Amino acid sequence: MASSTNMHFAARSLILILMTLLVAVSFPTATAQETAPNTLGFEVQEHRLRNGLRVILSVDSSLPLVTVAVAYSAGTIREQPGQEGLAYLLENLMFQGSENVGPLQHVGFIQRVGGDLNATSTPDRALFYQTLPSNYLALALWLESDRMKSLAITPAAVEITRTDLLKEHQDRLASDPYLESFALFDSLLFPDFPYGHTLIGTGTEMRGLTESDILAFHRTYYVPDNAVLCIVGNIDIVRTKELIARYFDSIPPGMNIPAPPLPNFRQENEVVVAQPGFPASSTGFHLGYRFYPMQPNDAYSLKILEYLLLKGNTSRLTDRLLNRDRTAHHFSGTLEERHGVLALKFFCLNNNTVMAERSQKAILSEIDRLRTNPVSADELAKVKRLFKMDYLRSQSTNLGRALFLIDAVFSGKPMIALGGELNKYLRVNPPSLVSLVNRHFTPQNRVMLELGLK
Amino acid sequence: MSRASRVRPGPALYLLLLAAAAAVSPPWLGAQERFRRTPPLPDAAPQELKLPPIERISLPNGLSVATAYRPGSQLVTLQLVVRAGEVDSPPALPSVAALTARMIGKGTKLLSADAIGDMIESIGADYSVDVLMDYTVFTFHVLEEFLDRALSVLRIMVLDPQFTERELASVKRAAYYDLAGRKKNPEFLGWRQFLRMLFENHPYQTATYAEDVIKFVSAKDVASFYSRFYRPDNAVILLSGTIDRATVVQKIGVHFAPWVRQPIERAVPAPPPPNARDRICYVEDPEAAEATIFVGNLIMPASDPDFFPFFVLKQVLGGTTRSRLFMNLRESKGYAYYAFSETEFFRSCGVYWARALVRPEFIVPAAWEIVREIKALSTAAPVPAEIEEAKSFLIGNLPTRFESLDGYADWMARAVALELDDGQWDKGPERLKLVNVESVRAVAQNYLARKPLVVVVGRPDWLDRFLRDFETVEVYDTSGTLKRTLRKGEER
């Protein structure tokens with residue numbers, strides 16, 4: 001009796017353990033789920049699969065559409081010297097077929113049902129996205145999972161894609177006389193290889209890339225634990241999680257994914273470089289400031305400062321150079337982020353070198369003014385309204401919202417904190433701008449590239 | 001050792017252990033799952049495309065107000081549509097419509113242009129103006145808490161404009177450089193020449209002016225155009241977003257009550273006859289890197305029952321990279337970098353065209369191949385599978401047109417300005433489903449059987465090198481002026 005009891009107890013225990021294990025493994029998507037507060041105007045859910053794939057979901061049922069976006073931490077900063085163009089080439093080869101999807105079939109499947117799709121590479125990521133009727137969600141997941149799991153490329157596909165990309169690049173260079181100067185300026189502003197080299201390199205490096213280089217890059221970086229899957233649109237959360245588990249759970253995680261390189265910028269004084277022989281009809285210059293490292297809230301102040309200086313006709317620099325002084329006939333600028341490194345960049349075109357010098361002085365004097373004179377409440381309120389408008393507008397489509405959420409992931413912002421993010425921008429005050437300018441707008445962070453005519 | 005350790009598990013337990021082992025081990029260690037081999041079937045049909053209805057009301061001075069309740073955003077779109085476009089410029093003064101629209105907001109009796117610009121930016125609004133063939137749209141995207149102030153700015157801009165020569169000179173300069181700059185784009189050159197030829201001697205040709213005519217317009221001309229067309233009974237205010245309709249209509253009534261009505265007569269221009277002869281026009285662009293080709297002709301207006309069958313036909317011809325033009329000219333023949341087909345609709349008619357970027361040595365075969373593809377559709381209707389694929393794309397793609405603020409605003413302005421049936425787009429899927437081989441064949445025979453016009457943009461030296469096989473080529477400069485006509489076999 002005792003032995004029988006023990007036997008039953010042992011068998012029951014084993015069964016219970018096995019059942020527990022079965023239950024545990026049958027819900028691989030149920031770990032670490034978070035729900036952000038609804039101050040964004042939409043809900044966000046996040047979870048991770050066992051293989052490390054980070055999944056972000058957001059429901060919007062206003063139109064029968066869904067956007068599926070996959071971003072890999074596999075941008076140009078992952079390239080080694082001699083591999084320039086590899087990230088961009090691979091991004092394009094991702095449409096050339098995988099184990100179960102033929103060359104360009106990905107495009108065909110999506111277009112056949114009325115979807116739009118695209119891809120892009122930046123310094124810190126490779127991004128793939130499609131918007132399609134929401135009842136075809138499984139199709140997009142099937143396609144994305146297949147090319148994550150089993151990219152299948154041929155030497156011919158590599159050659160055709162490479163030739164096309166280099167040709168397009170040559171055409172762009174031929175049609176835009178300023179393009180090369182932007183690349184040169186970036187290499188000065190980000191003076192280390194991973195951060196400063198261009199998307200396509202000189203072309204020589206891309207020509208030297210082999211099929212095995214490309215597949216090795218894919219094996220290393222196009223893996224679930226180095227990726228984010230973001231789905232926004234008319235979805236049912238439970239059904240979507242089932243589909244994600246079906247298509248992505250069995251993809252193996254990566255092996256020893258290297259950490260992205262940290263920036264290594266050392267500059268004692270302002271860098272000023274002249275590029276004579278500029279093949280265009282105007283003289284001009286690039287001027288920029290690099291910000292690294294920064295304090296946690298500096299990025300919010302810097303964004304508001306970008307709007308103050310550059311956004312709209314009445315922004316300080318635009319108004320000064322184009323409307324009041326009229327020393328420039330083109331002026332533009334942007335705040336750019338490269339894997340945590342922020343840079344504020346200005347590009348100015350002038351009729352002659354005297355006007356260029358005056359424009360440079362005007363920019364520096366406007367920045368100097370910010371060191372001591374706090375921005376007025378009225379001006380700051382105007383700037384914040386312009387910013388808020390753009391912030392909300394950028395999230396007004398499924399794709400815009402997906403890109404916003406992926407940006408947050410790559411910036412290291414927790415989803416749960418996004419609900420309060422807008423307020424962080426709107427809380428920027430005049431003293432914080434004064435502090436920011438005094439700490440970061442220094443000659444050591446400044447780079448100038450002067451463009452002289454032929 | 002306990003007795004329990006001597007228990008020998010039976011076969012059922014073995015199976016359970018195996019199942020557990022399979023479950024516990026990482027799923028990526030197994031062979032490929034069967035479900036990966038073929039594309040999954042779609043879920044049940046998606047929810048219907050439901051666009052908010054456009055509700056309209058007329059104010060006592062004749063101003064129409066059209067509203068659409070579109071929840072889910074803190075942003076509101078405010079638009080003013082004036083039923084006066086490029087076609088309404090006097091034939092002797094093309095560009096007046098565009099310059100008048102751009103002068104709106106460039107000062108009033110009390111406020112300077114800068115002051116108005118400050119007012120717009122101070123509420124964070126995104127303001128733009130679009131001058132189209134038949135109408136003009138002023139658009140504000142604004143935070144909902146600033147809608148009232150946006151209405152006030154719009155009223156000031158539209159009801160109290162002052163047209164000074166000083167401001168006009170600045171606007172003309174900007175317009176001149178804008179048009180001159182666009183001449184660097186071969187697609188713009190081709191498109192403008194294409195319209196210029198199709199609308200030869202028709203009022204719509206007014207819209208195809210070059211930058212050199214801008215200098216002839218005076219502030220008096222602008223004031224006269226404004227006085228004639230900028231009237232409440234020739235305008236509509238549109239609002240979309242999370243709005244309280246009754247309140248906004250009341251506010252619009254208050255703001256725009258002083259606008260004085262003055263009925264105007266504005267006839268719809270009769271459609272011109274379609275191109276019916278072989279005609280090759282070559283625009284010499286010394287900077288062109290590749291050749292740009294436009295091939296097309298006139299079609300029906302958007303309100304015509306043939307619209308949806310033709311939309312499907314256009315899709316078959318060159319809607320995507322899977323369509324006939326792309327597959328033939330790029331994938332099969334290797335003549336082109338891309339080849340697509342498009343349509344545009346005006347009040348009295350529409351146009352279709354195929355557009356391709358072509359290697360210069362293949363200009364002639366590529367142009368003939370496009371013409372051949374168009375003719376082939378007019379003589380043999382597409383097979384049902386092709387039609388179904390085109391319909392599938394159009395039905396699936398339709399909702400994407402309304403997703404963005406701009407997309408929705410463009411649709412609403414177009415529907416109101418061209419007086420289209422409100423249900424044209426949200427009933428679009430149903431109307432597309434009704435398109436069949438017979439209806440496509442009928443529109444193909446009706447509209448594609450006519451000889452299409454061919455416009456090529458390319459370098460001057462390509463004429464001799466690559467275009468000797470064309471019978472006759474009219475050669476134009478980048479401003480659209482005829483330079484010479486070349487005939488096959490003649491000395492060039």
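From a predicted model like this one, the values you see are computed outputs, not experimental measurements.

Enquirer: Even after reading the chapter, I still don't get the sheet that holds strand 12 (residues 472-476) of chain B, so can you show me in this structure?
Expert: Strand pairing in a sheet relies on backbone hydrogen bonds. The paired strands run either parallel or antiparallel. Residues and elements named next belong to chain B. Ordered in space as 9-10-8-11-7-12-13, the seven strands form an open sheet in which the pairing is mixed. In this open sheet, the two strands that pair with only one neighbour each are strand 9 (336-345) and strand 13 (482-487). The mean inter-strand angle of the sheet, taken between neighbouring strand axes irrespective of direction, is 20 degrees. Note that strand 12 and strand 13 share five bridges and pair antiparallel. Across the sheet, the residue bridging to Val473 is Leu486, located in strand 13.

Enquirer: Is there a simple way to explain the pairing of strand 10 (residues 350-358) of chain B in this structure?
Expert: All names here are of chain B. Most of strand 10 is tucked away, with eight of its nine residues classed as buried. Pairing of strand 8 (residues 291-299) with strand 10 involves nine bridges; the strand directions are antiparallel. Directly across from Gly296, in strand 10, lies its bridge partner Trp353. Summarising the sheet, strand 9 and strand 10 pair through nine bridges and their orientation is antiparallel.

Enquirer: What should I look at first to understand the confidence of the model for chain B in this one?
Expert: Any region with low pLDDT has predicted coordinates that should not be read closely. Residue and element names in this part refer to chain B. On average, residues of chain B score 91 in pLDDT, and 94% of them are at 70 or above. Ignoring residues within four places in sequence, the model shows residues 1-9, a span with pLDDT below 50, making five contacts including any to other chains. Confidence metrics for the complex model read pTM 0.88 and ipTM 0.87.

Enquirer: What is the right way to look at the sheet that holds strand 1 (residues 55-58) of chain B in this model?
Expert: All names here are of chain B. Taking strand neighbours across the sheet as the criterion, the six strands line up as 1-2-6-3-5-4 in an open arrangement whose pairing is mixed. The sheet terminates laterally at strand 1 and strand 4 (126-131), the two strands that pair on one side only. Averaged over all adjacent pairs, the angle separating strand axes in this sheet is 15 degrees, with direction ignored. Two strands pair when backbone bridges link them, and strand 4 and strand 5 (residues 136-143) are joined in this way by six bridges, in the antiparallel orientation. What sits directly across from Asp130, in strand 5, is Val137. Along the sheet, helix 2 (residues 96-103) makes contact with strand 4 and strand 5, crossing strand 4 at roughly 165 degrees.

Enquirer: Hey, could you run me through the nonpolar core in this one?
Expert: Most often, soluble globular proteins have nonpolar side chains that are buried together. Core analysis: the largest hydrophobic core is formed by 123 residues, its most contacted members being Leu305(A), Phe346(A), Leu405(A), Phe441(A), Tyr230(B) and Trp259(B). Setting aside residues no more than four positions away along its own chain, Tyr230(B) makes contact with Val82(B), Thr100(B), Ala101(B), Ile104(B), Thr136(B), Phe138(B), Phe225(B) and Trp259(B). One finds Ala367(B), Ile374(B), Leu394(B) and Leu418(B) within the second-largest nonpolar core, a separate group that totals 81 residues.

Enquirer: Help me understand the confidence of the model for chain A in this model?
Expert: Overall, the predicted model of chain A reaches an average pLDDT of 89, with 91% of residues at or above 70. Per-residue pLDDT stays below 50 along residues 1-37 of chain A; that stretch engages in 47 contacts with residues further than four places along the chain or on separate chains.

Conventions and cut-offs
Residues numbered from 1 in each chain as written. Chains lettered and ligands numbered in written order. Predicted model: local features only at pLDDT ≥ 70, side-chain atom pairs only at ≥ 80, totals over all residues. Heavy atoms only, no water. Pairing = 2+ DSSP bridges. Helix = DSSP H or I, 4+ residues; strand = E, 2+ residues; numbered from the N terminus. Axes fitted to C-alpha atoms, helices over the stretch in contact; angles between N-to-C directions. Buried < 20%, exposed > 50% of the residue type's maximum accessible area, 1.4 Å probe, protein only. pLDDT = per-residue confidence, 0-100. Contact = heavy atoms within 4.5 Å. Core = buried A, V, L, I, M, F, W, Y, C linked by side-chain atoms within 4.5 Å.

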